[in-house]
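# A look at the structure
These are the residues of each chain, in order.
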Amino acid sequence: MTPYRAEPNADLEFSFPDELVWEELDRQGVKLPVQMKFVDLVIERDEDILLVEIKDPSNKAVPFAERQSYFKRLSDNSILTQELTPKARGSYTFLHLMERDAKPFKYVVLLGLDAFDPEQQKALLTGFKDRLLADIRCETDSPWRRQHIADCVVLSVDIWNKTFADWPVTRVPAAAANGEAAA
């Protein structure tokens, strides 16, 4: 199993089997097209390509006020229009231009919401997938003629682990997330 964290201070850690074909698309220190936004991961399966974006407002390092602001932006859909949709479009465009689009694309958004109570999570996630897919397919006054994203799904950490049981994600202790030895 290969461990992966989207950022050095991330406290969500994925365990990917060695045979899984995946790559970090939004890499730091690598020349990427200017003004394009990318998802964190691309996972290639036999039947499709998953574009995976990780958003974790529950990270222990996120201050309470920032966490509340993030929750508001999730609730009012500004995260959708300003971050999630552009990342799906940019990632698809990049992979298309690199001739890596022979399979359908599915957009997977992992939201680390465990710092919020279950009622807040439920309210936030209700209809979120439908709003995201609608925004991806129609960013202008008329829908895109090509459906570049076949489908999408928005998952909590618990649902990720049920959906992708072979690719578990765990929240690591704060000391381990910061690269320190745990006491």
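Figured I'd write up the structure that's included with this text.

About the criteria used
- Residues numbered from 1 in each chain as written.
- Predicted model: local features only at pLDDT ≥ 70, side-chain atom pairs only at ≥ 80, totals over all residues.
- Heavy atoms only, no water.
- Salt bridge = Lys/Arg side-chain N within 4 Å of Asp/Glu carboxyl O.
- Buried < 20%, exposed > 50% of the residue type's maximum accessible area, 1.4 Å probe, protein only.
- Helix = DSSP H or I, 4+ residues; strand = E, 2+ residues; numbered from the N terminus.
- Lys, Arg positive; Asp, Glu negative; His and termini not counted.
- Contact = heavy atoms within 4.5 Å.
- Pairing = 2+ DSSP bridges.
- Axes fitted to C-alpha atoms, helices over the stretch in contact; angles between N-to-C directions.
- Phe/Tyr/Trp six-rings, centres within 6.5 Å; stacked < 30°, edge-to-face > 60°.
- Polar contact = N/O pair within 3.5 Å; in protein donor to acceptor, adjacent residues only side chain to side chain.
- 1 Å grid on protein atoms, 1.4 Å probe; cavity = no way out; pocket = protein on both sides within 12 Å on 5 of 7 lines; lining within 4 Å.
- Points joined across faces, edges and corners; volume = space filled by probe spheres on them.
- Nonpolar A, V, L, I, M, F, W, Y, C, P; charged D, E, K, R; others polar.

Any two side chains of opposite charge can pair, so long as their charged atoms come close to each other. A full pass over the atoms with the stated rule returns 17 salt bridges. Across the pair Asp-76 and Lys-72 runs a salt bridge, and its minimum N-O distance is 3.3 Å. Classification of Asp-76 as partly exposed rests on a relative accessible area of 40%. With a relative accessible area of 53%, Lys-72 lands in the exposed category. Close ionic contact of Asp-151 with Lys-129 constitutes a salt bridge, the shortest N to O distance being 2.9 Å.

Of note, Asp-135 is situated in helix H4 (residues 128-137). An unpaired buried charge is present at Asp-135: no salt bridge exists, and Arg-89, the closest side chain of opposite charge, is 7.4 Å distant. Residues contacting Asp-135, with those up to four places away along its chain left out, are Leu-80, Thr-81 and Thr-85.

Sheet architecture is open: 3 strands sit in the order E1-E2-E8, paired in antiparallel fashion. This sheet does not close on itself; its edge strands, each paired only once, are strand E1 (2-4) and strand E8 (169-171). Neighbour-to-neighbour, the strand axes of this sheet turn through a mean angle of 30°, independent of strand direction.

On to the side chain of His-148, then. Positionally, His-148 belongs in the loop between H4 and strand E7 (151-155). Discounting chain neighbours no more than four positions away, the residues touching His-148 are Arg-89, Tyr-92, Phe-105 and Ile-136.

Glancing now at the packing of aromatic side chains. Both the distance between ring centres and the angle between the ring planes are used here to describe each pair of aromatic rings. Enumeration over the complete set of coordinates arrives at 13 aromatic pairs. Judged by centre distance (6.1 Å) and plane angle (50°), the ring pair of Tyr-4 and Phe-14 falls under tilted. Placement of the pair is Tyr-4 in strand E1 and Phe-14 in strand E2 (residues 12-16), with a sequence separation of 10 residues. This pair shows no difference in class: Tyr-4 is buried, exactly as Phe-14 is. Every member of this aromatic cluster is reached through a ring pair, and the members are Tyr-4, Phe-14, Phe-16, Trp-22, Trp-160, Phe-164 and Trp-167.

Tracing the backbone shows Glu-139 in the loop between H4 and E7. Each C-alpha atom, one on Glu-139 and one on Leu-110, is 22 Å from the other, the two residues being 29 residues apart in sequence. The residues contacting Glu-139, other than those within four sequence positions of it, are Thr-85, Arg-89 and Trp-144. At 2.7 Å, the side chain of Glu-139 and the side chain of Arg-89 are in polar contact.

A sheet is described by the order of its strands in space; here 5 strands give the open sequence E3-E4-E5-E6-E7, paired in mixed fashion. Each having just a single partner strand, strand E3 (21-24) and E7 make up the two edges of the open sheet. Here the average twist between neighbouring strands, direction ignored, is 20°. Where strand E5 (residues 49-55) and strand E6 (residues 105-111) come together, 7 bridges link them in parallel fashion. The residue bridging Leu-51 from the neighbouring strand is Tyr-107, located in E6. Lying over the sheet, H4 contacts E6 and E7, oriented at roughly 140° with respect to E7.

Quantified by volume, the largest pocket comes out at close to 530 Å³. Considering the residues around the largest pocket, the lining is formed by 23 residues, among which Ala-6, Glu-7, Ile-54, Lys-55 and Asp-56 are closest to the centre. Of all the elements in the fold, those that place two or more residues in the lining of the largest pocket are E2, E5 and helix H1 (64-75). When the residues that make up the lining of the largest pocket are grouped by side-chain class, the tally is 9 nonpolar, 3 polar and 11 charged. Approximately 190 Å³ is the volume found for the second largest pocket. What lines the second largest pocket is simply Leu-111, Leu-113, Asp-114, Pro-118, Gln-121, Lys-122, Leu-125, Ser-156, Val-157, Asp-158 and Ile-159. When residues of the lining of the second largest pocket are assigned to their parent elements, the largest contribution, 4 residues, is made by helix H3 (residues 118-125).

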